[in-house]
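# Fold and contact review
Each chain, written out:
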Amino acid sequence: MPTFAFSTDRATDLAVDVLVLPVFEGPEAGPGIKDVKGLDLLGQFSATGAKGKSGESLLVPTTGEALAAKAVLLVGVGPKDAASPDACRRAIGRVARQLARRKTVATTLPQIVRAKDQLEAVQATVEGVLLGSYRFDRYKSKADDAAQRLGKVTLLGAGKADAKSAKEAKEAIRRGEVIAESQMWARDLVNTPALDLPPAELAKEAQAMAKQVGITCKVWTEAELKKGGFGGVLGVGQGSVRPPRLIELTYSGGGKGSPIALTGKGIAFDSGGLSIKDATGMEWMKSDMGGAASILGTMRAIALLKPKINVIAAIPSAENMPSGSAIRPGDVLKHRGGTTSEVLNTDAEGRLVLADSLAFLAEKKPRVIIDTATLTGACMIALGTDLWGAMGNDPDLIRDVLAAGDAAGEPGWELPMHEPYRKLIDSDIADIKNIGKRFGGAITAAMFLREFVGDVPWVHLDIAGPAFAEKPGDYWPKGATGTPVRALVRYVLTKADGAKA
């Protein structure tokens, strides 16, 4: 991992391998470009046809006379009046793989935003460097040793170089490092083949993380789940020879009042069960524990950032496999707390395991419950692959989580809990059934989950779209994205005792 530093030095004075300078749409010179004498950087950029749009870049070698850096990398950041910390994250993320082959880098990207947003831009730039250079090469027989040479990144800010600003910048850098590293760990978990990460191994990963960062972890075995009445987790997992688990994590930050409660869908592999998927539909089903991974990554970041608040998590994990012991369409499961559900489609299994964890967390009397899950293709149909859907029983909580996502560069969108749809999950023989009609599937799935939270404020994040990318994006390669770790951490930090709004 590279190290990061903050400085208010002139960009032209730094003897680095690459100096990254922003270009606004137009193109228009961004911070640092006009300070370079003897090189028409903007002219060279324009000559390529680039306009300064996000994703555009040009590497310009230098002679050493115009400035101390060996090369300048011009990156488009979009319209000047829309400059934001996320623009920094995306611009540096796009070129992070290229920068990873250099030893030293400096950039003026944090200066594209207003002065009051500079610390946010510093954090976002750190996140962009790390998330954009992420690779999952654990299973490659030959490692590319030259691909990760980057040793130091200097973030150049505007303003005075005083002790206060230096301390605040150092804290922003650390937040960016912790959050990005936690999100990359979540990506690792999702990208790991299901053969190597069954529920028991996922639980071991959680235990190792908890020990490392100093939080409490309890793993519920199959026998303990039976004793505790976790019929959904057990029902989904009974078709596999690899038994289910429930991972319980506790962070005690010394905050006042009840804890924030988190849970995430941890289906280690989803074949669909007896309602089996087709072959293509199973190709990326190792990612069906993306919700669980996001909660684990969030808990890691929270433990390291140490906000003054209490946070608990209960993460159910099972494999959904077809076998002679698997649940059948028409079976009835009894969940934690006594509610029963009729299983009409075994491929709607995520809500069955989450029902148990939601009921369990509601017993703890938390201030709120947030769940994340790669739950429905219906949400992807509605919102595509960039946005997660938010549904819940508390408008203020939904608003706050959406605001956290926007601020962290992981946006979501609220879907309505249209009450007339509730009758679609009425069962003839049980309390509820696990599927409704084809249309409105994301909403009826959320309504199923709502049955298990009681009066606790709750929001469900359907992350089926953004959790796993089928093609590279601004700061992620093909595969797991780790969404929505940044949004969840942001929400928790804003709710910590003494935190500024």
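These notes cover the structure that comes with them.

### Brief notes about the pairing of strand 5 (residues 71-78)
- Summarising burial for strand 5: eight of the eight residues are buried, a large majority.
- Neither face of strand 5 is open: one carries Ala-71, Leu-73, Val-75 and Val-77, the other Val-72, Leu-74, Gly-76 and Gly-78, and all of them are buried.
- Pairing analysis gives six bridges linking strand 2 (residues 18-24) to strand 5, with the strands arranged parallel. The residue bridging Val-20 from the neighbouring strand is Leu-73, located in strand 5.
- Two elements, strand 4 (residues 57-61) and strand 5, share five bridges in a ladder whose sense is antiparallel. Counterpart to Pro-61 in the pairing with strand 5 is Ala-71.

### Quick notes on the pairing of strand 19 (residues 458-462)
- With five of five residues buried, strand 19 is to be regarded as a mostly interior element.
- Of the two faces of strand 19, the one lined by Trp-458, His-460 and Asp-462 and the one lined by Val-459 and Leu-461 are each fully buried.
- Pairing geometry for strand 15 (residues 368-373) and strand 19, over five bridges, is parallel. Note that in strand 19 the partner of Asp-371 across the bridge is His-460.
- Pairing of strand 16 (residues 388-392) with strand 19 involves four bridges; the strand directions are antiparallel. Its bridge partner lying in strand 19, Met-391 is registered against His-460.

### A closer look at unusual backbone geometry
- Here the bond from Gly-26 into Pro-27 is cis, since omega is 5°, no more than 30 degrees from zero.
- Cis rather than trans, the peptide bond between Thr-483 and Pro-484 has omega equal to 0°.
- With respect to the secondary-structure elements, Pro-484 resides in the loop between strand 21 (479-480) and helix 14 (485-495).
- The backbone phi angle of Lys-306 is positive, close to 55°, even though this residue is not glycine.
- On the basis of relative accessible area, Lys-306 is assigned to the exposed category, the value being 58%.
- Positive phi values are uncommon outside glycine, yet Lys-365 reaches one of about 55°.

Rules used throughout
- Residues numbered from 1 in each chain as written.
- Predicted model: local features only at pLDDT ≥ 70, side-chain atom pairs only at ≥ 80, totals over all residues.
- Heavy atoms only, no water.
- Buried < 20%, exposed > 50% of the residue type's maximum accessible area, 1.4 Å probe, protein only.
- Helix = DSSP H or I, 4+ residues; strand = E, 2+ residues; numbered from the N terminus.
- Pairing = 2+ DSSP bridges.

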